[in-house]
Amino acid sequence: MTFSDSLYRLLRPALFQLEAERAHRLAVRLLAAMPPARGATAQHSLQQTLWSRDFPNPIGLAAGFDKNAEAWRGALGLGFGFVEIGSVTPRPQAGNPRPRLFRLVEDRAVINRMGFNNDGMEAVAQRLAARDPKAGIARADIARAGIARAGIVGVNLGKNKETVDAAADYELGVTKLGPLADYLVINVSSPNTPGLRALQGKEPLAELITRTRAARDRLQARPPLLLKIAPDLTEDDQRDIADVALELGLDGLIISNTTIARPPLRATRHAGEAGGLSGAPLFAPSTALLARMYRLTGGKMPLIGVGGIATARDVYAKIRAGASLVQIYSAMVYEGPGLAARLVRDLPALLAADGFATISAAIGADHR
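So, here is what we can say about the structure in this document.

About the cut-offs
- Residues numbered from 1 in each chain as written.
- Predicted model: local features only at pLDDT ≥ 70, side-chain atom pairs only at ≥ 80, totals over all residues.
- Heavy atoms only, no water.
- Helix = DSSP H or I, 4+ residues; strand = E, 2+ residues; numbered from the N terminus.
- Rg over C-alpha atoms; globule rule 2.2 N^0.38 Å.
- Buried < 20%, exposed > 50% of the residue type's maximum accessible area, 1.4 Å probe, protein only.
- Contact = heavy atoms within 4.5 Å.
- Areas by Shrake-Rupley, 256 points an atom, 1.4 Å probe, with all protein chains shown as cover.
- Lys, Arg positive; Asp, Glu negative; His and termini not counted.
- Charge placed at Lys NZ, Arg CZ, Asp CG, Glu CD.
- Pairing = 2+ DSSP bridges.
- Axes fitted to C-alpha atoms, helices over the stretch in contact; angles between N-to-C directions.

### Quick look at the overall build of the protein
Then, number 1: The helix and strand inventory of the protein stands at 13 helices and 15 strands.
Then, number 2: Against the 2.2 N^0.38 benchmark of 21 Å for 368 residues, the protein shows a C-alpha radius of gyration of 19 Å, consistent with a compact globule.
Then, number 3: Overall, the protein is about 50 × 45 × 45 Å in size when its C-alpha atoms are taken along their principal axes.
Then, number 4: Burial analysis of the protein (368 residues in total) assigns 57% to the buried set.
Then, number 5: In the protein, the share of contacts with a sequence separation of at least 24, taken over all contacts with a separation of at least 6, comes to 73%.
Then, number 6: Per element, the accessible surface of the protein, about 15,000 Å² overall, is 55% carbon and sulfur.
Then, number 7: One way to put it: in the protein the 45 positive side-chain charges average out to a point 5 Å from where the 35 negative ones average out.

### Comments concerning the environment of Arg197
Then, number 1: Considering the arrangement of structural elements, one finds Arg197 in the loop between strand 10 (183-187) and helix 7 (202-217).
Then, number 2: In this structure Arg197 touches Val188, Ser189, Ser190, Pro191, Ala230, Pro231, Asp232, Thr258, Thr259 and Ile260, once residues within four positions along its chain are discounted.

### Section: the side chain of Arg216
Then, number 1: For Arg216, the location among the structural elements is in helix 7.
Then, number 2: Judged by relative accessible area, Arg216 falls into the buried class, the value being 8%.
Then, number 3: Non-local contacts of Arg216, meaning those with residues more than four positions away in its chain, are made with Val174, Arg222, Pro223, Pro224, Leu225 and Asp251.

### Points about the sheet that holds strand 15 (residues 325-328)
Then, number 1: Read around the closed barrel, the 8 strands follow the order 3-4-9-10-11-12-14-15; overall the barrel is parallel. When strand polarity is set aside, the average angle formed by the axes of neighbouring strands in this sheet is 25°.
Then, number 2: Relative to strand 10, strand 9 (residues 152-157) runs parallel, the two sharing 4 bridges. When the bridges of strand 10 are listed, Val155 appears paired with Leu184.

Written as C-alpha cells, this is what we have:
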C-alpha cells in the first residue's frame, strides 16, 4: 500500500461527509495543484502504439472527472497512461440543478445527472494551449522539469442542451480543440442531456460522424476520432453502430457510458435518484457489450473498455473481451488516487500467468 493509499483511507470518512460534488471539486483542485510529475512508469508488457500514439500503459482516466482540463497534469502524475477531459460543449453550461451527484456506498457505485456542466471550449482551449499533443505534456513543464513524456490527453466533445443542430456543436468542438488533443471523442451517450442518446440511431449517427469527421479532416493534424456509446442499446442498435463505425472509418469506440438501467442495488439512500449509474454494478453489462462490439466490428478497430473497473482482474477481463485500453473513474471514489498505479503494478502478472508476453497479445483472447 502506498502513502497516498494510506492517507486516502484516513481521509475518506471525512470526505464522505461532504456532499459528493463538493468532494469531487476538492479532488480536482488538489490534483490541479500538484507539481509536474513524470507520470506513468512504462512497463514493456503494457506498452502499446495505437493511432501512432505510444501508450505507456492501458489505464486511462475517464471523461467526467476533469471536465475543464484543470487537472490532467496531476492525473498523469498518478500513473495514468492517458487522460480524457470533458465533456466539453461549445458554450459554457451550468448543467442540471444540484444535487446531481450521489454515492451508493453499499454498491460501490455512483449516480450522476450532471448535464454536461463545463466552462466551454474557449476556456478549455486556453488551458490546453501549452500542450504539445505529440509530446503528451505541456511544453513549459518539459522545460522546467525535464519530462520526456507523461501520457496522452484526449478531449471528449458534447453538445449544448439547447442546440438543435447537434452536429454543428461537434464541428465547433473539433475545430477548436482538435489541434490540442491526442484524440477526440464524440459523446452521444450521456443520459443527462435530453435527446442526446437518440443520436445513436443509424441515420442521425451516420450524419453526425460524417460531418464531425469532415471537420477533423480539415485540421492540419488529424487526431483519431472515437465514439462513446451507451450500455442501454438494443441488439439492432449495436449492429447499426458497428456498421456505421466501420463504414465511415471511425478510429475506435468507447464502451460504455453510464446506464439508466437499475439492477438490484443494496443501497437504500439515493438508489432512486435519476441519472446514469456507474461503478461496480456496471461492470458486467458494459463488459458484455464490449465483447459484443468486438465481435460485431471483427476486432478491426481499437476499443476502450469502461465501467466498473476496480481491480487488475477487472482490467484483464476487459482486455480479454476486446479492449485495447480501459478507463476508470467511479472506483477512485472508493479506492483513492493510488488506484491507477496499483492496476499498472498488478496487471503484468495476470498476463504472464496466461502466457501473454504483452497486453497486445491478450486483446480479444476470449474470442479465440
